[in-house]
Amino acid sequence: MELKGCIFDLDGVIVDTAKYHFMAWRRLAKELGFVFTLEDNEALKGVSRMASLEILLKTGGVTASDKEKEQLAARKNGWYVEFISGMTPDEILPGSIRLLKALRKEGILTGIGSASKNAGMILDGIRLREMFDVIVDGNKIHKAKPDPEVFLRGAEEMNLQPSECIVFEDAQAGIEAAIAGGMKCVGVGSPELLGRADLVIPDLRKITIKQLRNL
Ligand code: BG6
Ligand code: MG
């Protein structure tokens, strides 16, 4: 492919914030009287805050009114923001900076495509904002992954066609979003979960631009 842009999911690809999301959701579940496991959490990855809450409530068999749901989501986010407020560049996942620098050296544009409304705060904490040409986060989009909106908006802001972009994702919903958007996709994580991606890698440490161009 003619590679002109790479769009990175943030949570779980550039930083391991998935653990903080899990800690906050588990705490909420505990308050609601049920246990939320790491396995249950897999379905929440890449999914928007409110959609995650719906899945969590369903898992626990809990019903709530719209107003209660707003309050529960705000409660979870309060804890989550507390967890991420102390983030530093030390928490950038291995290989991220190397790959971003290599892409930019080749003139390939870099972007963030995240469902999170807290993406800006995280990027400031880890001081990585300037490594991205475009940032599309949960504040800019209306439709959550697996809808392709977040990645299509990223390509559009880069002035690129979807076919010229590669998405990096750790979540099944994100892989589906990339496919739906007509983009090549690299899964970051386990092949059992991310098998629909064009390529699956354990992390960003070893991937080369040549491998990406060959997708
Ligand atoms: C995604 C995470 O990046 O952002 C999800 O993978 C999370 O777990 C979603 O629910 C929304 O994040 P936030 O920060 O807006 O609650
Ligand atoms: Mg993710």
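This one's a predicted model, so the numbers in the text were calculated from it and none came from an experiment.

(A) View of the coordination of the magnesium ion (ligand 2). Within the first shell, the magnesium ion (ligand 2) binds the protein through D9 (OD), D11 (O) and D170 (OD), at distances of 2.0 to 2.1 Å. When its relative accessible area of 10% is taken as the criterion, D170 is described as buried.

(B) Here's a closer look at the site of ligand 1. The environment of ligand 1 is formed by 15 residues, the closest being D11, R49, S116, K117 and N118. Taking L44, its main chain carries an N or O atom lying 3.4 Å from an oxygen atom of ligand 1. Bound to the protein, ligand 1 loses 97% of the 390 Å² it would expose on its own.

(C) Expanded view of the side chain of S52. Within the secondary structure, S52 is located in helix α3 (residues 49-60). On the basis of relative accessible area, S52 is assigned to the buried category, the value being 3%. With residues near it in sequence (within four places) discarded, S52 still touches W25, L44 and V47.

(D) Up close: the pairing of strand β5 (residues 184-188). Burial analysis of β5 places 4 of its 5 residues in the buried class, the great majority of the element. As defined by bridge partners, strand β4 (residues 165-169) adjoins β5 across 4 bridges and the pair is classed as parallel. Each residue of the ladder has a partner; that of I166, found in β5, is K184. One crossover worth recording links β4 to the parallel β5 by way of helix α8 (residues 172-180), and it is right-handed.

(E) Region of the structure containing helix α1 (residues 18-32). End to end, α1 covers 21 Å across 15 residues, agreeing with the expected 21 Å (1.5 Å per residue, within 8%). In the core, the buried residues of α1 are packed alongside α2 (38-41), α3 and α4 (66-84). Positive backbone phi, approximately 95°, marks G33, located one or two places after α1.

(F) Seen up close, the nonpolar core. Ranked by size, the top nonpolar core spans 49 residues in total, and within it F8, I14, F132, F168 and L212 carry the most contacts. The dominant element in this core, judged by the number of residues it contributes, is α1, at 6 residues. The residues contacting I14, other than those within four sequence positions of it, are F8, D9, E91, I92, L93, S96, I112, I126, L128, F132 and L204. The next biggest cluster of nonpolar side chains, apart from the first, holds 18 residues, and it includes V134, F151, A178 and C185.

Procedures and definitions
Residues numbered from 1 in each chain as written. Chains lettered and ligands numbered in written order. Predicted model: local features only at pLDDT ≥ 70, side-chain atom pairs only at ≥ 80, totals over all residues. Heavy atoms only, no water. Donors = N, O, S within 2.8 Å, 3.2 Å for Na, K, Ca; no water. Buried < 20%, exposed > 50% of the residue type's maximum accessible area, 1.4 Å probe, protein only. Near = heavy atom within 4 Å. Polar contact = N/O pair within 3.5 Å; in protein donor to acceptor, adjacent residues only side chain to side chain. Areas by Shrake-Rupley, 256 points an atom, 1.4 Å probe, with all protein chains shown as cover. Helix = DSSP H or I, 4+ residues; strand = E, 2+ residues; numbered from the N terminus. Contact = heavy atoms within 4.5 Å. Pairing = 2+ DSSP bridges. Right-handed = clockwise from strand over helix to strand, strands pointing away. Expected span 1.5 Å × (residues − 1). Core = buried A, V, L, I, M, F, W, Y, C linked by side-chain atoms within 4.5 Å.

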